[in-house]
Amino acid sequence: MENLVALIFLVIGTLFIFIASIGLLKMPDIYLRMSASTIGATFGVSSMLLGVAIYFGQMNLLLHVTGVIIFLILTVPVGAHMMGRISHIIGLKMWDKTVVDDLKGKYNEETHGFEGYDKDDESKS
Amino acid sequence: MNIANVIIYFILPMLSLSMLMIFIRLFKGPSLIDKVVALDLLVIVAIGIFSAYAVLTESVVIIDISLILALIAFLSTIAFTYYYEKRNKNING
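Below, the structure is looked at part by part. Bear in mind the structure is a predicted one, so any value in this text is a computation, not a measurement.

With respect to the overall build of chain B
Okay, step 1: Within chain B, the secondary structure is distributed over three helices and zero strands.
Okay, step 2: For chain B, the succession of helices and strands along the chain, N to C, is α-α-α.
Okay, step 3: Overall, the C-alpha framework of chain B stretches about 65 × 30 × 15 Å when taken along its three principal axes.
Okay, step 4: When burial is assessed residue by residue, chain B has 32% of its 93 residues classed as buried.
Okay, step 5: Partitioning the contacts of chain B with sequence separation of at least 6, the portion at a separation of at least 24 is 48%.

Comments concerning the overall build of chain A
Okay, step 1: Of the regular secondary structure elements, chain A holds three helices and zero strands.
Okay, step 2: Helices and strands in chain A line up, N terminus first, as α-α-α.
Okay, step 3: The C-alpha radius of gyration of chain A comes to 20 Å, more than 25% above the 14 Å expected for a compact globule of 125 residues.
Okay, step 4: In terms of overall dimensions, chain A has C-alpha extents of about 65 × 30 × 20 Å along its principal axes.
Okay, step 5: By residue count, 37% of the 125 residues in chain A fall in the buried class.
Okay, step 6: Intrachain contacts of chain A at a sequence separation of at least 6 include 52% that bridge at least 24 residues.

Notes on the nonpolar core
Okay, step 1: Judged by nonpolar contacts, the single largest core of 51 residues is most densely connected at L10, L49, V52, V65 and M83 of chain A together with L41 of chain B.
Okay, step 2: Mapped onto this core, the elements with two or more residues apiece are α1 (2-26), α2 (30-56) and α3 (59-89) of chain A together with α1 (3-28), α2 (32-57) and α3 (63-88) of chain B.
Okay, step 3: In terms of residue count, α2 of chain A provides more of this core than any other element does, 13 residues in total.
Okay, step 4: With residues near it in sequence (within four places) discarded, L10 of chain A still touches M48 and G51 of chain A together with I11, A52 and V55 of chain B.

About the cut-offs
Residues numbered from 1 in each chain as written. Chains lettered and ligands numbered in written order. Predicted model: local features only at pLDDT ≥ 70, side-chain atom pairs only at ≥ 80, totals over all residues. Helix = DSSP H or I, 4+ residues; strand = E, 2+ residues; numbered from the N terminus. Buried ≥ 20, exposed ≤ 12 C-beta atoms within 10 Å, placed from the backbone. Contact = placed C-beta atoms within 7 Å. Rg over C-alpha atoms; globule rule 2.2 N^0.38 Å. Core = buried A, V, L, I, M, F, W, Y, C linked by C-beta atoms within 7 Å.

What follows is the structure in structure tokens.
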């Protein structure tokens, strides 16, 4: 019974990682690629590690795995935010069917600071 | 429905296939940030392969690697983006 639950967790995690890598290969845009890879990989690896902890059934292994999962959930979005920020700053092209870019003109060109408003947009100020 | 058979015939081939696709993106990626994203995901898929291998060989010690790999993935991503931003920053006009 425990083996079956562990196996289900492992298979779900594998499918998540597989879908994430398909998204990384086939998405048309750096931002969409980053979204697919981050979400899929975090939940996939978390599910696989939980499956391992259920399979062995030891308390210290469960604590260890919980630490790894909390670390992943805390750090993977931070890395994705850094990558999305730098790719918006250096001006990578978006997909041509993207309708709105909320960050357009809100980063300072010289100091890379976040201004919070668009200096060129006269209608809002 | 043996767990070792499922790992050998389903989980490890799927993970290897996803690693192959990530490698294609790593070599093809149009910009440098694509390659950084691919490297990040590559390390995370390696954690998945290690955990499946730990179940296959019944050894708990392999799980210890996952924490170190997660740490290395996070630090390399942060360092790469930080210095790539420094390189593109134009302070002196």
